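What follows is the residue order along each chain.
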Amino acid sequence: MKLKRTMSMVMAGIMAAGMLAGCGSNGSSGGGSAASDGSAQKEMTFVIANRDEFMSKVEQAMTAEGEKLGYKIVTQDAQLDTAKQMQYVETCANAGQEAVAVLLVDTEAAQSIMDSAGEMKVAFVNRQPADLHVLDAENACYVGSDEFTSGYFQGEYLAQYFKDKGKTDIKYLMLQGTLGQVATTQRSEGALQALKDNGINATEGSAPLAADFDRPTAQEMIQPLLTTTEYDCIIANNDAMALGAVEACREAGVEIDFPIVGIDCTADGAQALIDGNLAMTVFQDPVGQGRGAILACMNMINGDPINTGMEKYALDDSGESYSDSICWVPFEPVTVDNVADYM
C-alpha cells in the first residue's frame, strides 16, 4: 500500500509575465472550459519533455481517451527545460486541475515535480522516475513500459541469430541514449543480460557511444568505427540511432550483412525492417501509454486501483511499497515476420 506523504509546495521562481497564464492553451485560468454543446468540459494537461514522433502518438491517444471522458487535453512542451516543466505543473495545480500527466525532462527531478503539483494527481508516463519511491505518494503513479524487457528482447534475438550461425563469442557496438536515463541504462543492461543468459559471450568492439537517442549524432559517432573496428552486430537503444547506424554504413560503403537492432518500432524503423536494413526492433506502445496515463489519472481521482479499465496491462509485481502505483504497458518484439502487424 502507498505511504501517505505530505507534499510541500516549492515555488519555481517568478515566471515571465504571461508565459504560463493558465495551464490551458486557450488562456483559461480555471480547471475547465465550455464544450461545444455548452456542457462543462474539464481540462487535463500533458507536460512533455520535448516533441518527437513517438510523443505525438502518445498525445493523440491521450486526446482521444480524454474526449471520451469529458476532458480537453492540453499539451505543454517543456523543451527539455526542467524548470519550465515544474512551472507548467505548478500552474496547472494553481488553476485547480485535478490531475496532470508528465513525461519527465530529468528522471532525477520527479520529486521536484511532485512538490510543484501539491495535492494534484500526477501520472508520470513513458519515462519513469529514477527513484521509484516517489510513487509512494498517494497522488502519484507511473504508466510506461519495462525498459529492461525491451533490451532483453534485443539480446534474445541476437543470441538466436548467432547460435544459428554456430557462434558463441561475439563483439558488439552499442549506441546508447542519454547517459543517466533509466531507459538508457536498462535497455543496455537487458540486451547484454539476455546474451549472457542464452550462452553468448559478448564483448565490446568499442566503448559504448552515447548518442542521446538522436539519429544524426549516432551516424556521426559510429561511422569512424565501421571500417576500423571488429564487430558482429550493432545494438541501439532506439530506432533513431539504429537508423543512424544504417546511414553511416551507407556513407562508409559498408555492406549491412550483420544485425542492427533497435527499439520503438517507429514508422521508419518498421520500413527499415522490410527493406532488410534492421534485423529487429521492439514495439513500444504509444497508444497504450497515452490511454493508460489518462485512465490512471481518472483512477487516482476516483480512488480506484490504478489499472482499472486496463487490466491487460500488468501492475508491478516486485512487492515494493510503490508496486500498486506502476502499470506496465508491454513491449513486443518485431521482426520481418510480424512487422506488417505494426505498420
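Coordinates for the structure precede this section.
Quick notes on the rules
- Residues numbered from 1 in each chain as written.
- Predicted model: local features only at pLDDT ≥ 70, side-chain atom pairs only at ≥ 80, totals over all residues.
- Heavy atoms only, no water.
- Helix = DSSP H or I, 4+ residues; strand = E, 2+ residues; numbered from the N terminus.
- Buried < 20%, exposed > 50% of the residue type's maximum accessible area, 1.4 Å probe, protein only.
- Contact = heavy atoms within 4.5 Å.
- 1 Å grid on protein atoms, 1.4 Å probe; cavity = no way out; pocket = protein on both sides within 12 Å on 5 of 7 lines; lining within 4 Å.
- Points joined across faces, edges and corners; volume = space filled by probe spheres on them.
- Nonpolar A, V, L, I, M, F, W, Y, C, P; charged D, E, K, R; others polar.
- Salt bridge = Lys/Arg side-chain N within 4 Å of Asp/Glu carboxyl O.
- Axes fitted to C-alpha atoms, helices over the stretch in contact; angles between N-to-C directions.
- Parallel < 35°, antiparallel > 145°, perpendicular 65-115°, else oblique.
- Left-handed = near helix turned anticlockwise from the far one by under 90°.
- Expected span 1.5 Å × (residues − 1).
- Polar contact = N/O pair within 3.5 Å; in protein donor to acceptor, adjacent residues only side chain to side chain.
- Pairing = 2+ DSSP bridges.

> Just checking my understanding: could you explain the environment of E332 for this structure?
Within the element layout of this structure, E332 appears in strand β15 (residues 332-334). The class of E332 is partly exposed, set by a relative accessible area of 28%. Each C-alpha atom, one on E332 and one on V282, is 5.5 Å from the other, the two residues being 50 residues apart in sequence. E332 has contacts with F153, T281, V282, F283 and Y342, leaving out every residue within four places of it along the chain.

> Sorry if this is basic, but what is going on with the layout of surface pockets here?
Summary: where empty space remains is shown by rolling a probe the size of a single water molecule over the atoms. If you add up the space inside the largest pocket, you get close to 720 Å³. In terms of lining, the largest pocket is formed by 28 residues, of which the most central are D52, R127, F213, N238 and D264. Of the residues in the lining of the largest pocket, the class split is ten nonpolar, seven polar and eleven charged.

> Whenever I open this one, the pattern of salt bridges confuses me. Can you help?
Think of it this way: side chains of opposite charge can pair up when their charged atoms draw near. Evaluation of the coordinates by the stated rule reveals eleven salt bridges. In this structure, the salt-bridge partner of E98 is K42, at a minimum N-O distance of 3.3 Å. With E98 in the loop between α2 (82-94) and β4 (99-102) and K42 in strand β2 (residues 40-48), this pair connects stretches of sequence that are 56 residues apart. With a relative accessible area of 30%, E98 lands in the partly exposed category.

> Even after reading the chapter, I still don't get the packing of α2 against helix α3 (residues 110-117), so can you show me in this structure?
Any two packed helices are characterised by how steeply their axes cross, that is the angle between the axes, and by the distance between the axes. Following both chains from N to C, one finds α2 and α3 inclined at 25 degrees, their axes separated by 8 Å at the closest point. Here α2 lies roughly parallel to α3, going by the angle between them. Crossing of α2 against α3: the hand is right-handed. Here Q85, M86, V89, E90 and A93 of α2 lie close against α3, whose contacting residues are S112, I113, S116 and A117. Across the contact of α2 with α3, the residue classes tally to five nonpolar, three polar and one charged.

> Got a minute to help me understand helix α1 (residues 53-68) in this structure?
For an α-helix, 3.6 residues make a turn, and residues three or four places apart therefore share a direction. Under the 1.5 Å per step criterion, the end-to-end length of α1 is 24 Å for 16 residues, consistent within 8% with the ideal 22 Å. If you check which residues of α1 are buried, you get F54, M55, S56, V58, E59, A61, M62, E65 and G66. Structurally, the start of α1 carries an N-cap: the backbone nitrogen of F54 is 3.3 Å from a side-chain oxygen of D52. Among the residues trailing α1, G70 stands out with phi positive, at a value near 85 degrees.

> Is there a simple way to explain the environment of S321 in this structure?
Along the polypeptide, S321 turns up in the loop between β13 (314-315) and β14 (326-328). A polar side-chain atom of S321 sits 3.5 Å from a polar atom in the side chain of H133. Reaching out from S321, the side chain makes a polar contact with the side chain of D136 at a distance of 2.6 Å.

> Help me out: how do you make sense of unusual backbone geometry in this one?
Trans peptide bonds make up most of the peptide bonds, and negative phi angles are found at most residues other than glycine. Backbone geometry places D264, a non-glycine residue, at a positive phi of 120 degrees. Tracing the backbone shows D264 in the loop between β11 (260-261) and α8 (267-275).

> Teacher, can you tell me more about the pairing of strand β6 (residues 140-144) here?
Every other side chain in a regular strand lies on the same face of the sheet, so the side chains alternate between the two faces. Summarising burial for β6: five of the five residues are buried, a large majority. Here β6 shows no split at all, with A140, Y142 and G144 on one side and C141 and V143 on the other all buried. Relative to β6, strand β5 (residues 121-125) runs parallel, the two sharing four bridges. The residue of β6 that forms the bridge with V122 is A140. Bridge count for β6 against β14 is three bridges, and the pairing is parallel. Paired with Y142 across the strands is I326, a residue of β14.

Worth remembering: the numbers are spatial, not functional.
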